[in-house]
Amino acid sequence: LLEEEGELKRYQEAELKHGRVAMLAAIGIIVGEQFGQLDYGGGPITGPAITHWAQLVEKNPGAAFTPLLTIMFIEIIGIFRGGGGR
């Protein structure tokens, strides 16, 4: 079905990574709503979890770059280790 064995390994690694991200996101939503009142320097982040990112960007735009830079760093490491490229 797949042309190369390496291609199967790449898809398996991508599936594992996406599953882990989904699990962390689910935990983040639960924790964010149960233990609200988080303060990232611009005031508390409250309310439903779906509005947390928008509040963070509005109240402290600099803090929004931290998760993005972290994700970028992890992806770059994966590419250099051979997990994200061909």
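Everything that follows concerns the structure shown earlier in this document.
Throughout what follows, the structure given in this document is the object of discussion. (Residues numbered from 1 in each chain as written. Predicted model: local features only at pLDDT ≥ 70, side-chain atom pairs only at ≥ 80, totals over all residues. Heavy atoms only, no water.)

1. Considerations on the overall build of the protein chain
- Regarding its fold elements, the protein chain presents 3 helices and 2 strands.
- Secondary structure elements in the protein chain, listed N-terminal to C-terminal, are α-β-β-α-α.
- Out of the 86 residues in the protein chain, the part that is buried amounts to 12%.
- Of the contacts made within the protein chain by residues no fewer than 6 positions apart, 12% connect residues no fewer than 24 positions apart. (Helix = DSSP H or I, 4+ residues; strand = E, 2+ residues; numbered from the N terminus. Buried < 20%, exposed > 50% of the residue type's maximum accessible area, 1.4 Å probe, protein only. Contact = heavy atoms within 4.5 Å.)

2. Quick word on the packing of aromatic side chains
- Overall, the coordinates contain 0 aromatic pairs when judged by the stated rule.
- The ring of Tyr11 has Arg10 sitting right over it, with the charged end atom 5.3 Å from the ring centre. (Phe/Tyr/Trp six-rings, centres within 6.5 Å; stacked < 30°, edge-to-face > 60°. Lys NZ or Arg CZ within 6 Å of the ring centre and 35° of its normal.)

3. Quick look at a nonpolar patch on the surface
- A surface patch of nonpolar side chains, amounting to about 860 Å² of accessible area, comprises Trp53, Val57, Phe65, Leu68, Leu69, Met72, Ile76 and Phe80.
- Within the residue set of the nonpolar patch, elements represented by two or more residues are α2 (52-59) and α3 (65-80).
- Here the nonpolar patch takes 6 residues from α3, the largest share from any one element.
- Assignment of secondary structure puts Leu68 in helix α3.
- The exposure class assigned to Leu68 is partly exposed, which follows from its relative accessible area of 46%. (Patch = residues over 30% accessible without salt bridge, like charges linked within 9 Å, V, L, I, M, F, W, Y side chains within 5 Å. Areas by Shrake-Rupley, 256 points an atom, 1.4 Å probe, with all protein chains shown as cover. Salt bridge = Lys/Arg side-chain N within 4 Å of Asp/Glu carboxyl O.)

4. Some points on the side chain of Gln55
- On the secondary structure map, Gln55 appears in helix α2.
- A distance of 2.6 Å separates a polar atom in the side chain of Gln55 from the backbone oxygen of Thr46.
- Gln55 has contacts with Pro44, Ile45 and Thr46, leaving out every residue within four places of it along the chain. (Polar contact = N/O pair within 3.5 Å; in protein donor to acceptor, adjacent residues only side chain to side chain.)

5. Remarks on the pattern of salt bridges
- Per the counting criterion, the structure on display carries 2 salt bridges.
- Two residues, Glu13 and Lys9, come together in a salt bridge whose shortest N-O distance is 2.8 Å. Taken together, the residues Glu13 and Lys9, both in helix α1 (residues 5-34) and 4 residues apart, mark about one turn of the helix.
- By relative accessible area, Glu13 is classed as partly exposed at 29%.
- A salt bridge links Lys17 to Glu75, with the shortest nitrogen-to-oxygen separation between them at 3.4 Å. Taken as a pair, Lys17 in helix α1 and Glu75 in helix α3 lie far apart in primary sequence, 58 residues in all.
- Overall, the relative accessible area of 35% leaves Glu75 in the partly exposed class.

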